[in-house]
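Inside the fold
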Amino acid sequence: MASGTSRDVVGRGLRVLGRAIREQPRIFAVAVTGSVLFGLMVIASAYVVGGVVGKVVVPAVARGSVADGALALAAAALFGISVLRVVGIFGRRLGAGYMQYRLQATYRRRVTRRYLDLPLAWHHRNATGTLLSNANSDVEAAWYPIAPLPFAVGTLVMLVGAVVSLFLTDWALALVGLAVFPALFALNVVYSRRMAPRQARAQRLRAEVSGIAHESFDGALVVKTMGREAQETARFAARAGDLRDALISVGRLRGVFDPMLETLPSLGTLAVLVVGAIRLRQGAITVTELVSVAFLFTVLAFPVRAIGWVLAELPRSVAGWDRVRRVLDATGEMPYGEVALDPATPAPATLAFHDVHFGYEPAEAHLPGAQVLGEVTFTVPAGKTVALVGPTGAGKSTIASLAVRLVDPDSGTVTLDGVDVRELTAASLASTVALVAQVPFVFDDTVRANITLDRPGIGDEEVWAALRLAEADGFVAALPEGLDTMVGERGTSLSGGQRQRLTLARALAGRPRLLVLDDATSAVDPRVEAAILAGLRAPADGGAPASILVVAYRRATIALADEVIYVEHGRVVARGTHTDLLATVPGYADLVTAYEQAEQEREQTRTYDEVTPLTSGLEVEVDR
Ligand SMILES: Nc1ncnc2c1ncn2[C@@H]1O[C@H](COP(=O)(O)OP(=O)(O)O)[C@@H](O)[C@H]1O
Ligand SMILES: [Mg+2]
């Protein structure tokens, strides 16, 4: 890598540290004060040791006896210095630790909060493994240099103090210092520049390794059933091998530079002894001064390394910070409006699409984004059920996402009770509409928690009512601990149909005024599916039914709808009752019949609610 880029890394790294200091100025001040105290005490100790040798030991050797008073004084001074040094180390360590972990916690929170604020379109473009490493190792990496930073700042102050005290002692010895300290500094800089590309590469590979790991665990089912264990392991091993090589190259560089950094101060001590001996013979300095300076060079060697630690961590910090900032600066947030849509008595809502056009953002910016929906106009009148029917890829799920405002149209409007959904507050939108998605998501928690999601006003009575509507009360009552049963990660202890009904009950528990079902009961027995929809249209408690937009395939289900909207290639091709469309639209009749045949074939091999979690998991992979 060109040195210009590496110099850039040091500059940018220092700016990242500047940001950290601005965020935690007080703690940083505590840590640096501790560090400076330590540095000054190191210099002081050198002069006390020099004094002891020059004023106590040398006269004692000459006289053959020790002056007790002077010795006691020296001991007291050394003790005092040691105490202050301990205080300094304590302040520095405590401050640096606080600062580092606080920054980590703050940025972890900011990053994860941001994930939830960013629109679905952003999540489509970013792999889950990357998000995990952004919130974990990238945040950690960004703030790694914070740990040695106060030490390094204190050391810089100490070096200046050392040079000043050298000049006060003797100009010749000061020159030795002026040669050695900058050389040490320069060596540290060269070290970190060499380190920069290696650390950046290692950090990138860490993210890739975690990405691959995440994908294979996530897809464990597919990997196992397709017999891809060996290939997945090989794919992981290749990246893990790259990471190993990158880390070894980091280690090799350390192996070369660490001994040099260790040796340079010793050479400095040697030079001090040679120059000092000459100056001593010339009568320019005393024994006390010579010993002090020689000792100073010895004790300085270690703290100077702290500067190297900071510089060496900078590239990794910059790489981590860049990835964290990419999340924090990501745009495309969907701001909510100010209109609240909460009628005093809950009544079904009216959903309307007016000439909606929509295209997903292309995976890479330079590619054209294909239009997915065009001129989509339809209404779900209050309390009515509208079925959305069409072949795979027609745009049904996209329409469902628009209806609950997971995405916004490129042009045209989606309205609820006549209000553009973009005008609605987040709370109003959440209490008005509920989407039950094609693939059910179940949290690793109890059945109850999965349904209430901590929303207020949903007690056990409401939970059971929702479960009854979703035809899920039977199997939940039969679970070993009822509502308190843990369902396992992603609901692995449930069948596909059970998971779908649980997520349906979750949507119903919030008493939405518009329910959007995106093929949400496909793994449920067809008769049960029809019973669920019939129950939703005419609630047993006599309450007002919600308006329903349902993506469906089964004849029995579609036949329950007040109106059917038939979509092909992102356009509404026909609309009317099921019977009308069967008679007048050839494509529609073909689709419904084809689906029925496919389902009959599948039914010969299994019945819906006896699907084991293994096969039901697989089934959701098969998009239809
Ligand atoms: N996240 C996405 N990014 C890009 N294209 C997408 C995305 N989701 C769906 N599409 C495309 O949009 C079209 C409609 O998809 P979708 O609404 O899922 O259809 P359906 O639910 O009717 O099967 C398809 O061509 C599909 O490939
Ligand atoms: Mg779909």
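In this report, we go over the structure that sits alongside the text.

A closer look at the overall build of the chain
- Helix and strand content of the chain: 21 helices and ten strands.
- Its C-alpha atoms give the chain a radius of gyration of 36 Å, clearly above 25 Å, the size a compact globule of 624 residues would have.
- Among the 624 residues that make up the chain, the fraction classed as buried is 47%.
- Approximately 29,400 Å² of the chain is accessible, and the part contributed by carbon and sulfur atoms is 61%.
- The chain carries 60 positive and 62 negative side-chain charges, and their two centres are separated by 14 Å.

Topic: the site of ligand 1
- Inspection of the region around ligand 1 gives His124, Tyr360, Val372, Pro391, Thr392, Gly393, Ala394, Gly395, Lys396, Ser397 and Thr398 as its neighbouring residues.
- One of the backbone nitrogen or oxygen atoms of Ala394 is found 3.2 Å away from an oxygen atom of ligand 1.
- Relative to its free-state accessible area of 560 Å², ligand 1 is covered by the protein chains to the extent of 64%.
- The element contributing the most residues to the shell around ligand 1 is helix α11 (residues 396–403), with three residues.
- Grouping the constituent residues of the shell around ligand 1 by class yields four nonpolar, six polar and one charged.

Topic: the pairing of strand β1 (residues 351–359)
- Burial analysis of β1 places seven of its nine residues in the buried class, the great majority of the element.
- Here six bridges tie β1 to strand β2 (residues 371–380), and the two strands are oriented antiparallel to one another. Counterpart to Phe353 in the pairing with β2 is Phe378.

Quick notes on the packing of helix α5 (residues 128–142) against helix α10 (residues 287–328)
- Two elements in contact, α5 and α10, have axes whose closest approach is 8 Å; the angle formed by their N-to-C orientations is 135°. Regarding the angle of α5 to α10, the classification is oblique. Between α5 and α10 lies a crossing whose hand is left-handed. Residues Thr130, Ser133, Asn134, Asp138, Val139, Ala141 and Ala142 of α5 touch α10, and the partners they reach there are Arg316, Ser317, Gly320, Trp321, Arg323, Val324, Arg326 and Val327.
- In terms of residue class, the contact of α5 with α10 is built from six nonpolar, five polar and four charged.

Digging into the environment of Arg15
- One can find Arg15 in helix α1 (residues 3–23).
- Separated by 303 residues in sequence, Arg15 and Val318 have C-alpha atoms that sit 9.3 Å apart.

Notes on the nonpolar core
- Counting residues in hydrophobic clusters, the biggest one holds 64 residues, and the most contacted among them are Trp143, Ile146, Phe181, Val272 and Phe297.
- Contributions of two or more residues to this core are made by α1, α2 (25–63), α3 (68–117), α5, α6 (149–169), α7 (171–218), α9 (229–281) and α10.
- Looking at this core element by element, the count peaks at 15 residues for α10.
- Here Phe181 is in contact with Leu159, Ala162, Val163, Leu166, Phe297 and Leu300, once residues within four sequence places are set aside.
- Ile451, Leu494, Leu515 and Leu533 belong to the second largest nonpolar core, which has 44 residues in total.

A word on the sheet that holds β2
- The strand order across the open sheet built from four strands is β2-β1-β4-β5, with neighbouring strands paired in antiparallel fashion. Of all strands in the sheet, those with a lone pairing partner are β2 and β5 (419–420), marking the two edges.
- With two bridges connecting them, strand β4 (residues 411–416) and β5 associate as antiparallel partners. When the sheet's bridge partners are listed, Thr415 is paired in β5 with Asp420.
- Across the sheet, α11 touches β1, β2 and β4, and the angle it forms with β1 is around 120°.

Description of α7
- The first and last C-alpha atoms of α7 sit 68 Å apart over 48 residues, in line with the 70 Å expected at 1.5 Å per residue.
- Residue Ala196 marks the point of greatest curvature in α7, where the axis turns by about 35°; the proline Pro197 follows within four residues.

Quick notes on the side chain of Lys396
- With respect to the helices and strands, Lys396 occurs in helix α11.
- Lacking a salt bridge, the buried Lys396 has Asp518 as its closest oppositely charged neighbour, with an N-O distance of 6.9 Å.
- If we ignore the near neighbours within four places in the chain, the residues touching Lys396 are Leu388, Val389, Gly390, Pro391, Val551, Tyr553 and Val567.

Section: the packing of aromatic side chains
- Applying the stated rule across the entire model yields 13 aromatic pairs.
- Note on Tyr107 and Trp143: the rings are 5.2 Å apart at their centroids and 55° apart in plane angle, and the pair reads as tilted. Of this pair, Tyr107 sits in helix α3 while Trp143 is found in the loop between α5 and α6, placing the two residues 36 residues apart along the sequence. For the pair shown, Tyr107 and Trp143 are each scored as buried.
- Seen in terms of ring centroids, Phe353 and Phe378 are 4.7 Å apart; in terms of plane orientation they differ by 20°. Their pairing is stacked. One end of the pair, Phe353, is in strand β1; the other, Phe378, is in strand β2, with 25 residues separating them in the sequence.
- Phe353 sits in the buried class, given a relative accessible area of 0%.
- Joined through ring pairs, the aromatic side chains of Phe38, Phe151 and Trp309 make up one cluster.
- A cation over an aromatic ring shows up here: Arg92 above the ring of Phe151, its NZ or CZ 3.8 Å from the ring centre.
- One cation-aromatic arrangement involves Arg110 over Tyr107; the distance from NZ or CZ to the ring centre is 4.6 Å.

Rules and cut-offs
Residues numbered from 1 in each chain as written. Chains lettered and ligands numbered in written order. Predicted model: local features only at pLDDT ≥ 70, side-chain atom pairs only at ≥ 80, totals over all residues. Heavy atoms only, no water. Helix = DSSP H or I, 4+ residues; strand = E, 2+ residues; numbered from the N terminus. Rg over C-alpha atoms; globule rule 2.2 N^0.38 Å. Buried < 20%, exposed > 50% of the residue type's maximum accessible area, 1.4 Å probe, protein only. Areas by Shrake-Rupley, 256 points an atom, 1.4 Å probe, with all protein chains shown as cover. Lys, Arg positive; Asp, Glu negative; His and termini not counted. Charge placed at Lys NZ, Arg CZ, Asp CG, Glu CD. Near = heavy atom within 4 Å. Polar contact = N/O pair within 3.5 Å; in protein donor to acceptor, adjacent residues only side chain to side chain. Nonpolar A, V, L, I, M, F, W, Y, C, P; charged D, E, K, R; others polar. Pairing = 2+ DSSP bridges. Axes fitted to C-alpha atoms, helices over the stretch in contact; angles between N-to-C directions. Parallel < 35°, antiparallel > 145°, perpendicular 65-115°, else oblique. Left-handed = near helix turned anticlockwise from the far one by under 90°. Contact = heavy atoms within 4.5 Å. Core = buried A, V, L, I, M, F, W, Y, C linked by side-chain atoms within 4.5 Å. Expected span 1.5 Å × (residues − 1). Bend = angle between axes of the 7 residues up to and from the residue. Salt bridge = Lys/Arg side-chain N within 4 Å of Asp/Glu carboxyl O. Phe/Tyr/Trp six-rings, centres within 6.5 Å; stacked < 30°, edge-to-face > 60°. Lys NZ or Arg CZ within 6 Å of the ring centre and 35° of its normal.

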